[in-house]
Amino acid sequence: MGRLRHLLTLRGLPRETYQDLFGRAEGFMGPGGSSVARTESLRGSLVVNAFFEPSTRTRLAFEIAARSLGADVVNFDLLSSATQFKSESFEDTLRTIAALGADFIVLRHGGEMPAEGLLEILPKATCLVNGGEGSDDHPSQGLLDAWTIQREKGGFDGLRIAIFGDILHSRVARSLAHAFATLGAGSVTVSGPPKLVPESLEGQLKVTVDHDPDRAVAGADVIICLRFQYERMGGSYEAARDRHNYTIDEGRVALASPEVMVMHPGPINRGVEIAPEVADGPRSFILSQVRNGVAMRMAILDALGEGRRAA
Ligand code: CP
């Protein structure tokens, strides 16, 4: 297995790398899964969180993860940066962050540049971690979601997965498509307002599109709810007009497997894509995803640190 130098996408990530990261993340879980074990594997390293789009979970989880590995952490603040009023470009901001000594840059952006272009403007020694890119990729979320499923279900063989909501704009759905294809999920059904559900997801994953939400959820082992991304709809919310027909409520959960996992990468909009009683209910894994997100980000940074030291 090759060493990880950057984490840009789950496209083409080998199955062994998933298993390696799942194993590392398991090792970083604290007693009872409530906290994370601390180590010193990144002592002396600087991690910069460069978020050009808002975030709660990803940014904080990477910060907690990096500190738990002994790294120093600095958070770039977009609103007080020289991108405002002074027109500094995205690329020059990244060059500046690297020149300030970042060993790792966790980058969230709207898709300003493809990953290959980003690597060209950064020093070779800098590790780049995709913290969410436009509607294209959110690999650390895909990894933590897949690991959360693996922990609960023991594997992916025969697993029936239903994904609901705004699939068109979801970077999580695209990263999960790659993960589910590589890990061998049984079936994936997508459902949502017709204009927000593409005919296929990326990768080799075969998905079934079903606009009948009750049929789409029937017998599901995992339901993944996705937020409607109004900020990416160009000012017209027409495509999301019938979003309430696709809400995951208790009636829909009752149609799924009795052991169904209800998941959501967050942020959640209660009463829109998910009913509050489901979000807070016994089948909800939403806060487990958040907790697991710290150990998975530790696993990612730890593996990248190893790759960096070996280079
Ligand atoms: N799931 C996710 O990416 O959440 P944040 O936008 O809060 O990071």
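Residues numbered from 1 in each chain as written. Predicted model: local features only at pLDDT ≥ 70, side-chain atom pairs only at ≥ 80, totals over all residues. Heavy atoms only, no water.

(A) Representation of the site of the ligand. Around the ligand sit Pro 54, Ser 55, Thr 56, Arg 57, Thr 58, Arg 108, His 138, Gln 141, Pro 265 and Gly 266, and those are all the residues in its vicinity. The separation between a nitrogen atom of the ligand and a polar side-chain atom of Gln 141 is 3.0 Å. Coverage of the ligand by the protein amounts to 93% of the 250 Å² it exposes when considered alone. (Near = heavy atom within 4 Å. Polar contact = N/O pair within 3.5 Å; in protein donor to acceptor, adjacent residues only side chain to side chain. Areas by Shrake-Rupley, 256 points an atom, 1.4 Å probe, with all protein chains shown as cover.)

(B) Structural detail: the sheet that holds strand E2 (residues 72–76). Spatial strand order, E2-E1-E3-E4: 4 strands in an open sheet with parallel pairing. The sheet terminates laterally at E2 and strand E4 (127–133), the two strands that pair on one side only. Strand-to-strand twist across the sheet, computed as the mean angle between neighbouring axes with direction ignored, equals 15°. Where strand E1 (residues 46–51) and E2 come together, 5 bridges link them in parallel fashion. Within E2, the position partnered with Val 47 by the bridge is Val 73. Strands E1, E2, strand E3 (104–109) and E4 of the sheet are contacted by helix H2 (residues 57–68), whose axis makes an angle of about 180° with E1. Here helix H10 (residues 286–310) sits on the sheet and contacts E3 and E4; the angle it forms with E4, its principal contact strand, is near 150°. (Pairing = 2+ DSSP bridges. Helix = DSSP H or I, 4+ residues; strand = E, 2+ residues; numbered from the N terminus. Axes fitted to C-alpha atoms, helices over the stretch in contact; angles between N-to-C directions. Contact = heavy atoms within 4.5 Å.)

(C) Representation of the packing of aromatic side chains in the model. Inspection of the entire model under this criterion finds 5 aromatic pairs. Aromatic pair Phe 52 and Phe 76: ring centres 4.9 Å apart, planes at 35°, arrangement tilted. With Phe 52 in the loop between E1 and H2 and Phe 76 in strand E2, this pair connects stretches of sequence that are 24 residues apart. Given the relative accessible area of 13%, Phe 52 is considered buried. Ring geometry for Phe 52 versus Phe 90: centroids 4.8 Å apart, planes at 70°, classification edge-to-face. (Phe/Tyr/Trp six-rings, centres within 6.5 Å; stacked < 30°, edge-to-face > 60°. Buried < 20%, exposed > 50% of the residue type's maximum accessible area, 1.4 Å probe, protein only.)

As far as function goes, none of this settles anything; it's purely spatial.
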